[in-house]
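Spelled out, the chains give:
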Amino acid sequence: MEQIVQTRSVPVMGSYDVVVCGGGPGGWVAAVAAARAGARTALVERYGFVGGMATAALVVPISVFTYNGQLVCGGIPWEFVQRMVEADGAEVEHPLGNISHDPECYKLIAQRMLLESGVDLHFHAVLTGCVREDSRITHVILDTKSGPRALEAKYVIDSTGDGDLCAMAGVPMQENTMPLQPPSLCFCIGGVDTDALELIHHEKQGLNYHNLRVQTKLRELAETEDVPVFGGPWFCSIHRDGRVMVNMTRTPADMLDPAQATRAECRLREDVHAFVALLKKYFPEFKNAELLFTAAQTGVRETRHIKGEHRQSAGGGALFFSRPGGFSLGAGAGLGDGAGPGGGLCRRPVCLCGHERAQSRCAHAAGHAAQMGCADLKERQGFQKAKQANRLHGHRK
């Protein structure tokens, strides 16, 4: 392949205590926390809004805030949920504590919390590189419509979801030995009889809310009609009558490969329209339905996995474990790899280390919330363990 060499001068547009790369759920919450603690904080986001998979990919609901009747996820995330509820943009699905929400309300409330906390927002900026001095990242490089920009930082947090900054900094990654979980393009349907459609409120602990009635009928139809590959399906309330978010499309792809990602986007968009037509034709709850919109991007379940200091296999079921300096909640409830009804168990291991963080297993949570004070594992064995717990939200889809 032909190679070119590019040399450019990049202006440094600001100096910060903390720069957070990626405005998904983990990223924007980390930025609020840092700013409230008194750190001069910047948040970098490629879109013009935050929320990551919860907004750009339309992954609903937010899960899970309670377990056995007790609140297990509080702090800034729970404050955020309460503010969305007060704005009539969300509903807490008791007793499980999943949060049905309107993605537009999510964007607005998260944005308000960031600005109120004094975070500098850098929207429409794409992370393209970093500068290291020895094992420490000193600057992140962004590309914008106005050209490249650099931000200086004492600490950086990788919340890109794919470990982009970690990869750029040379953090070692695990080798993928099994097929990646497939991406999905979620979509919103209006004109639905939401009073008649079952399982749109994901409220009970231990129950998978994929719709077996619709699943069975679609499998029967596949004998005589062109039914695309699907998982679930899950129909999810967004706290708006007559509207549901739909999670059912599947196609194999490595979303780090732009050619494969492009093919996946095109394939899944065709599939969305095919599914809407099938739902309208064969299911009375959808007879007056119409496609309102698809996600801004296909939802990504799995790409990179950091090679951490400790590697814990989930093995199935909810996984709770703690170690000095941190606590983690992992999910063994399936993300849906298209291999069976409702998908299967999380097949990849949850990997943790104290400083570089593991990729989240859910479609909507930020992946690598890695505080990259240094990038070389061997050189930082004595480094203080990360002070914030890595929360891996157990999303069943």
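Up top you'll find the structure we're talking about.
No experiment lies behind these values; they were computed from the predicted model shown.

Student: With reference to specific residues and values, describe the overall build of the protein.
Tutor: Each helix and strand in the protein was counted, giving 6 helices and 20 strands. Buried positions account for 53% of the 397 residues belonging to the protein. Relative to all contacts within the protein whose residues are 6 or more apart in sequence, the contacts with residues 24 or more apart total 71%. When the accessible surface of the protein is split by element, carbon and sulfur atoms take 50% of a total near 17400 Å².

Student: Give me the environment of Thr249: which residues, what numbers.
Tutor: Counting through the fold element by element, Thr249 comes out in strand β13 (residues 244-249). A C-alpha to C-alpha distance of 8.0 Å links Thr249 and Pro183, two positions 66 residues apart in sequence. A distance of 2.7 Å separates a polar side-chain atom of Thr249 from the backbone nitrogen of Leu185.

Student: How would you summarise the packing of helix α2 (residues 75-86) against helix α3 (residues 103-117) if you had to cite specific residues and measurements?
Tutor: Packing of α2 against α3 leaves a shortest axis separation of 10 Å and a crossing angle of 125°. Taken together, the axis directions place α2 and α3 in an arrangement best described as oblique. Both α2 and α3 take part in a crossing whose hand is right-handed. Taking contact as the criterion, the partners of Ile76, Glu79, Phe80, Arg83 and Met84 in α2 are, on α3, Cys105, Tyr106, Ile109, Ala110, Arg112, Met113 and Glu116. Residues of the contact of α2 with α3, tallied by class, amount to 8 nonpolar, no polar and 4 charged.

Student: How would you sum up the nonpolar core? Please name residues and give values.
Tutor: Counting residues in hydrophobic clusters, the biggest one holds 34 residues, and the most contacted among them are Phe187, Ile189, Leu218, Phe235, Val244 and Phe286. Those elements that place two or more of their residues in this core are β11 (187-190), α5 (212-221), β12 (230-237), β13 and α6 (258-282). It is α6 that contributes the most residues to this core, 6 residues altogether. Ignoring sequence-local partners within four residues, the contact set of Phe286 consists of Ile189, Val192, Leu197, Phe235, Val244, Leu279 and Lys280. Ala54, Phe65, Cys73 and Met113 belong to the second-largest nonpolar core, a separate cluster that totals 30 residues.

Student: I'd like a description of the packing of aromatic side chains, backed by residues and values.
Tutor: For the coordinates displayed, the defined rule picks out 7 aromatic pairs. Ring centres of Trp28 and Tyr106 lie 6.4 Å apart, and the angle between their planes is 80°; on these two criteria the pair is classed as edge-to-face. Within this pair, whereas Trp28 is found in helix α1 (residues 25-36), its partner Tyr106 is found in helix α3, the two being separated by 78 residues in sequence. Given a relative accessible area of 1%, Trp28 falls into the buried group. Accessibility expressed as a relative area gives 3% for Tyr106, which makes it buried. Ring centres of Phe80 and Tyr106 lie 4.6 Å apart, and the angle between their planes is 75°; this geometry places the pair in the edge-to-face category.

Student: Hey, could you go over the pairing of β13 for me, with residue numbers and the actual values?
Tutor: With 6 of 6 residues buried, β13 is to be regarded as a mostly interior element. Bridge count for β11 against β13 is 3 bridges, and the pairing is antiparallel. Opposite Ile189, over in β13, you have Val244 as the bridge partner. With 5 bridges connecting them, β12 and β13 associate as antiparallel partners.

Cut-offs and rules
- Residues numbered from 1 in each chain as written.
- Predicted model: local features only at pLDDT ≥ 70, side-chain atom pairs only at ≥ 80, totals over all residues.
- Heavy atoms only, no water.
- Helix = DSSP H or I, 4+ residues; strand = E, 2+ residues; numbered from the N terminus.
- Buried < 20%, exposed > 50% of the residue type's maximum accessible area, 1.4 Å probe, protein only.
- Contact = heavy atoms within 4.5 Å.
- Areas by Shrake-Rupley, 256 points an atom, 1.4 Å probe, with all protein chains shown as cover.
- Polar contact = N/O pair within 3.5 Å; in protein donor to acceptor, adjacent residues only side chain to side chain.
- Axes fitted to C-alpha atoms, helices over the stretch in contact; angles between N-to-C directions.
- Parallel < 35°, antiparallel > 145°, perpendicular 65-115°, else oblique.
- Left-handed = near helix turned anticlockwise from the far one by under 90°.
- Nonpolar A, V, L, I, M, F, W, Y, C, P; charged D, E, K, R; others polar.
- Core = buried A, V, L, I, M, F, W, Y, C linked by side-chain atoms within 4.5 Å.
- Phe/Tyr/Trp six-rings, centres within 6.5 Å; stacked < 30°, edge-to-face > 60°.
- Pairing = 2+ DSSP bridges.

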